[in-house]
Amino acid sequence: MNIHVDGTGTEGQAATVELFHGDTAHVLHPSRIIAYQGSPQGREDRILNLSGMYRKKKWVESRIAGPARFVLGVPMGFRLKPLELPEQSDLLFDIRHVLLYSGGMKLESRFQKVKQALVTQDWARMKFSGGGLLGLLSAGPLCDLTLDPHRPVYVDVGCLVAFPEKAAMRLRVYGNPLASQRMNYQWEMTGYGKVLLQPTPRDKAFAAGMRQDSLLRRVLREALPFGGIFIK
């Protein structure tokens, strides 16, 4: 699978995904598919089971089999970053940032500590293993920082996209009293590996794109023909 991204993000982006024979891709935001070239039977949308709904924060995902080519529309203000993961990757992801991933990858839930879950409003992070390609959405260009086992790095809780599974994390602020009163909560992180960050914390625009709708609204939108058009 290859992903080619056009555009800067300020006016939206278009990402062309090419699948070769034997390739598959799972798209977690099917409404972002704006063009498709391939066999009509190559796209299969399916309603996830309860476990899949909880893990992926979606009711429906698209599975596309190659050979095929399709284009994903990335909204204004967001960037798409292709990320190649090794077979033994230990990164834990906020699944809301994952637009698509290669078929054959294994998804595993990793439950957060109670304090972390209360801050992030999410009880689980997702681990992708088996090697493959991810398409990550972020508010601004995705960047990374290397952790140190002895010198902590402080990361805004709203900017953290992924982190190593064995990283040590605790909620902190830093600086003098005035500084600590004027900042968001920070994760104090130590360990090995890299963390992935978006430069802009979650705001209303980001939350609207990743919103958690009511159960009934999501069922109707996903299950009814043209539900995504008529049910906002």
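Everything quoted here is computed from the prediction, not taken from an experiment.

Calculation rules
Residues numbered from 1 in each chain as written. Predicted model: local features only at pLDDT ≥ 70, side-chain atom pairs only at ≥ 80, totals over all residues. Heavy atoms only, no water. Patch = residues over 30% accessible without salt bridge, like charges linked within 9 Å, V, L, I, M, F, W, Y side chains within 5 Å. Areas by Shrake-Rupley, 256 points an atom, 1.4 Å probe, with all protein chains shown as cover. Salt bridge = Lys/Arg side-chain N within 4 Å of Asp/Glu carboxyl O. Helix = DSSP H or I, 4+ residues; strand = E, 2+ residues; numbered from the N terminus. Pairing = 2+ DSSP bridges. Axes fitted to C-alpha atoms, helices over the stretch in contact; angles between N-to-C directions. Core = buried A, V, L, I, M, F, W, Y, C linked by side-chain atoms within 4.5 Å. Buried < 20%, exposed > 50% of the residue type's maximum accessible area, 1.4 Å probe, protein only. Contact = heavy atoms within 4.5 Å. pLDDT = per-residue confidence, 0-100. Disulfide = S-S within 2.5 Å.

## Thoughts on a nonpolar patch on the surface
A surface patch of nonpolar side chains, about 360 Å² in accessible area, is lined by Phe111, Val114 and Trp123. Here tryptophan 123 shows up in the loop between α2 (114–120) and β12 (124–129).

## Some words on the sheet that holds strand β9 (residues 91–93)
As summarised here, the arrangement of the 6 strands in space is β11-β12-β9-β16-β19-β14, forming an open sheet in which the pairing is antiparallel. Only two strands of the sheet have a single partner each, and these edge strands are β11 (106–111) and β14 (143–146). Between one strand axis and the next, the sheet turns by 30° as a mean value, whatever way the strands run. In the sheet, β9 pairs with β12 via 2 bridges, with the strands oriented antiparallel. Bridging across to β12, leucine 92 finds its partner in lysine 127.

## Here we look at the nonpolar core
Residues Met1, Ile3, Val17, Phe70, Leu72 and Leu100 are the most contacted members of the largest nonpolar core, which totals 19 residues. Contributing elements (two or more residues each) for this core: β2 (12–19), β3 (24–27), β7 (68–74), β10 (98–102) and β13 (132–138). By residue number, the principal contributor to this core is β7, which donates 4 residues. If we ignore the near neighbours within four places in the chain, the residues touching leucine 100 are Met1, Ile3, Val17, Ala25, His26, Val27, Phe70, Leu72, Leu133, Leu134 and Gly135. In this structure, Leu28, Leu85, Val98 and Leu142 belong to the second largest nonpolar core, which totals 18 residues.

## Looking at the confidence of the model for the protein
Considering every residue of the protein, the mean pLDDT works out to 82; 78% of them sit at 70 or more. The secondary structure element of the protein with the lowest average pLDDT is helix α4 (residues 204–209), at 47, and the one with the highest is strand β4 (residues 33–38), at 95.

## Thoughts on the sheet that holds strand β18 (residues 186–190)
A sheet is described by the order of its strands in space; here 3 strands give the open sequence β15-β18-β17, paired in antiparallel fashion. The sheet is open, and its two edges are formed by β15 (153–156) and β17 (168–172), each paired on a single side. With strand direction ignored, the average angle separating the axes of adjacent strands in the sheet is 30°. One ladder, built from 5 bridges, connects β17 with β18; its direction is antiparallel. Bridge assignment links methionine 169 to a residue of β18, and that residue is methionine 189.

## Brief notes about the state of the cysteines
Going through the model one piece at a time under the given rule, you end up with 0 disulfides. With no disulfide of its own, cysteine 143 lies 8.3 Å from the sulfur of cysteine 159, the closest cysteine sulfur. With relative accessibility at 34%, the residue cysteine 143 sits in the partly exposed group. Classification of cysteine 159 by relative accessible area gives buried; the value is 9%.

## Some remarks on the pattern of salt bridges
On inspection of all chains with the given rule, the structure shows 10 salt bridges. Across the salt bridge formed by glutamate 18 and arginine 69, the nearest N and O atoms sit 3.6 Å from each other. Taken together, the residues span a long stretch of sequence, with glutamate 18 in strand β2 and arginine 69 in strand β7 at a distance of 51 residues. We note a salt bridge from aspartate 45 to arginine 43, for which the minimum N-O separation is 2.9 Å. Through salt bridges with shared partners, a single ionic network connects Glu108, Arg110, Lys127 and Glu165.

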